[in-house]
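# Residue-level structural notes
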Amino acid sequence: MSTPDAAARRTLIEQVNTKAIVRGQVTLSSGKVGDYYVDMRRVTLDAAAAPAIGQVMLDLTADWEYDAVGGLTLGADPVATAMLHTAAAQGRTLDAFVVRKAQKVHGLQKLIEGPPVASRRVLAVDDTSTTGGSVLEAVAALRDAGAEVVGVAVIVDRDTGAAEHVEAQGVPYRFAVGKDELDI
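Residues numbered from 1 in each chain as written. Predicted model: local features only at pLDDT ≥ 70, side-chain atom pairs only at ≥ 80, totals over all residues. Heavy atoms only, no water.

### Topic: the side chain of Asp-39
As for its placement among the helices and strands, Asp-39 is situated in the loop between β2 (33-38) and α2 (41-44). With relative accessibility at 17%, the residue Asp-39 sits in the buried group. Leaving out residues up to four positions away in the same chain, Asp-39 has contacts with Ala-20 and Val-22. (Helix = DSSP H or I, 4+ residues; strand = E, 2+ residues; numbered from the N terminus. Buried < 20%, exposed > 50% of the residue type's maximum accessible area, 1.4 Å probe, protein only. Contact = heavy atoms within 4.5 Å.)

### Digging into the layout of surface pockets
Estimates place the volume of the largest pocket at around 470 Å³. For the largest pocket, the lining is made up of 24 residues, of which Ser-29, Asp-126, Asp-127, Thr-128 and Ser-134 are closest to its centre. Breaking the lining of the largest pocket down by element, the ones donating at least two residues are β2, β6 (121-129) and α5 (133-144). (1 Å grid on protein atoms, 1.4 Å probe; cavity = no way out; pocket = protein on both sides within 12 Å on 5 of 7 lines; lining within 4 Å. Points joined across faces, edges and corners; volume = space filled by probe spheres on them.)

### Quick look at the nonpolar core
The biggest cluster of nonpolar side chains holds 37 residues, and the ones touching the most others in it are Leu-12, Val-16, Val-38, Ile-53, Met-57, Met-83 and Val-125. Secondary structure elements with two or more residues in this core: α1 (4-20), β2, α3 (50-60), α4 (77-89), β6, β7 (148-157) and β8 (173-178). Ignoring sequence-local partners within four residues, the contact set of Met-57 consists of Val-79, Met-83, Ala-153, Val-154, Ile-155 and Ala-176. Counting 23 residues, the second largest nonpolar core, distinct from the first, contains Ala-68, Ala-147, Val-152 and Ala-163. (Core = buried A, V, L, I, M, F, W, Y, C linked by side-chain atoms within 4.5 Å.)

### Quick look at the pairing of β6
Counting buried positions along β6 gives eight out of nine residues, so the element sits mostly inside the fold. Pairing geometry for strand β3 (residues 68-72) and β6, over three bridges, is parallel. Residue pairing in the sheet places Gly-70 in a bridge with Ala-124 of β6. (Pairing = 2+ DSSP bridges.)

Below is the structure:
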């Protein structure tokens, strides 16, 4: 019999492969052109997949100490929320935050929404990564805000340089699903 952790990982991989893979030429956020697209919103915003995402991402980062999780909106938002809810169900307190793509020009003019991140250990997440550009934008904003970024974790890594780019900035990088596990 499988452990819940293994079951959650199998569920996540199945959800990604059956719901998120879109075949055909597409321009990615990195500017690169790919012959497939991983539309993770089809998974991260899905009621069946979100609990698996929360569990798998918490398991992936279990040896890192952090008390808040988030990243660049929109890809990171549902990942962080899934982790927050899964942690709460397990009796753990984990805050989430959102890094805007641009600072607000009205109200409190925040770049990072949610509980303050200054002087806190945080985890930067994303749904998928090609070059690491989006998550590195979040890392820079978090560092500027005084947070200690303990690592970067993404659900799907397209194996096109994200790990190297992130680690070159002195941040450990992990992913839950690799390119070799995608039905492409």
